[in-house]
Amino acid sequence: MSFKPTSFDIAQRAGVSQPTVSRALRGHPSVSEATRLRIEAIAAQLNYAVDRNASRLRSRTTNTLALLFFEDPTPDESHINPFFLAMLGSIARTCAQHGYDLLTSFQQFSRNLHVDYEYSRKADGIMLLGYGDYETYRERLAQLEDEGTRYVRWGSVTADAPGMTIGCDNRLGGKLAARHLIAQGYRRIAFLGEASSHAPEIEDRYRGACDAMAEAGITPDPDLVISAVTTDTAGYVAARALLAQGTPFDAVFAACDLIAIGAMRAFEEAGLSIPADIGLVGFDDIPLAAFTHPPLTTVAQDATRAGALLVEALIAQIKGQDIQNAVLPPRLIVRQSAIRPL
């Protein structure tokens, strides 16, 4: 199989971020001439070339934007995070306000259909929600960059992430969650979620919780970190594993509300009371969170603002305007699950 270089390969050799490579090859004025020349030289050495098909498409418009939901990695490959569904109304409304039609698709991440939206001229640009394993996702984003696809995504906002990203300050959200638990008198805080580079948003939430524990003089216990994907079933299984290992804990910060809801069931079956025995905090503030028993304390992401920003950023990109990543502040929603009885 012949080696096909990507902009990530150029970035690694040039010692710069992938977005810098993308800007340099487009002749963006934010990149210095010396850096641009170095990147162009490395691109030539690697026989790298941007696919010009996408560039030709830019002169043709459909007045349609595509929204692609990628399914989470569940056994039946059919799960969509309710938080993403909460964005849908805002995205559709903002598209209508700007005179664009919206094309929505639910896709398995194993497929590569998101590239086809530009090539088949169904849409002028795409919005991406969900990604599965981020290590794989980065390569897909690099492919979009290399092919000149206009896209924005919801996810982790980092300097080295390709493309335009709208996201939440997940680290601050994790800090808010753990600070509240600590203020309520909880000290042994477990974390349920995939706290690794494969899920950077989740990893940031855990790091934020560790920041809050460090502020309070609490040393995080790595034995209290249980991996879980973002489903209620995974939360139930993770909570049972946490109980089975026997490491003492008195609170749980779940990486998302679905994990927290699954954990609730496991704790209830074990005869434990929330919040008397275990304080519990989730993340996302999905509609169901207010109706669990007890109601779930959670960290809210602004789905309405997020949806509007995704659309506005994509339209700006289509119009050739310079756009920047955006980070939205989270908000702690305090409910009964994390209010410790006196």
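In case you missed it, the structure is sitting above this.
Basis of the calculations
Residues numbered from 1 in each chain as written. Predicted model: local features only at pLDDT ≥ 70, side-chain atom pairs only at ≥ 80, totals over all residues. Heavy atoms only, no water. Phe/Tyr/Trp six-rings, centres within 6.5 Å; stacked < 30°, edge-to-face > 60°. Helix = DSSP H or I, 4+ residues; strand = E, 2+ residues; numbered from the N terminus. Buried < 20%, exposed > 50% of the residue type's maximum accessible area, 1.4 Å probe, protein only. Lys NZ or Arg CZ within 6 Å of the ring centre and 35° of its normal. Pairing = 2+ DSSP bridges. Contact = heavy atoms within 4.5 Å. Axes fitted to C-alpha atoms, helices over the stretch in contact; angles between N-to-C directions.

(A) Expanded view of the packing of aromatic side chains. A complete count under the given rule lists six aromatic pairs for this structure. Consider the rings of F191 and F253, whose centres lie 5.4 Å apart with planes at 65°: the pair is edge-to-face. Residue F191 is found in strand β6 (residues 189-192), and its partner F253 is found in strand β8 (residues 251-254); the two are separated by 62 residues along the sequence. Take F253: its relative accessible area is 1%, and that puts it in the buried class. Measuring from centroid to centroid gives 6.5 Å for F253 and F283, while their planes differ by 40°, and the two rings are tilted. Taken together, the residues span a long stretch of sequence, with F253 in strand β8 and F283 in strand β9 (residues 279-284) at a distance of 30 residues. Each member of the pair, F253 as well as F283, carries the same accessibility label: buried. Taken together, the ring pairs in this structure connect F191, Y206, F253 and F283 into an aromatic cluster. Between R265 and the ring centre of Y236, over which it is positioned, the NZ or CZ distance is 4.5 Å.

(B) Quick peek at the sheet that holds strand β7 (residues 225-226). With mixed pairing, six strands are arranged side by side in an open sheet as β7-β6-β8-β9-β10-β12. The open sheet has two free edges, formed respectively by β7 and β12 (331-333), since each of these has just one partner strand. Where strand β10 (residues 297-300) meets β12, three bridges bridge the pair, whose relative direction is antiparallel. Bridging from a neighbouring strand, V299 pairs with L332 of β12. In the packing of helix α10 (residues 232-245) onto the sheet, the strands contacted are β6, β7 and β8, and the crossing angle to β6 comes to about 140°. Sitting on the sheet, helix α11 (residues 257-269) touches β6, β8, β9 and β10, and the angle it makes with β9 is about 155°.

(C) Structural view of unusual backbone geometry. Between I274 and P275 the backbone carries a cis peptide bond, its omega angle lying at 10°. Among the structural elements, P275 can be located in the loop between α11 and β9. Cis geometry is adopted by the peptide bond preceding P294, which originates at H293 and carries an omega value of -5°. Relative to the helices and strands, P294 resides in the loop between β9 and β10. The phi angle at N47 is positive, at roughly 55°, despite the residue not being glycine. Looking at the element boundaries, N47 is found in the loop between α3 (33-45) and α4 (53-57). Of note in this structure, D284 is not a glycine but carries a positive phi near 120°. With respect to the helices and strands, D284 occurs in strand β9.

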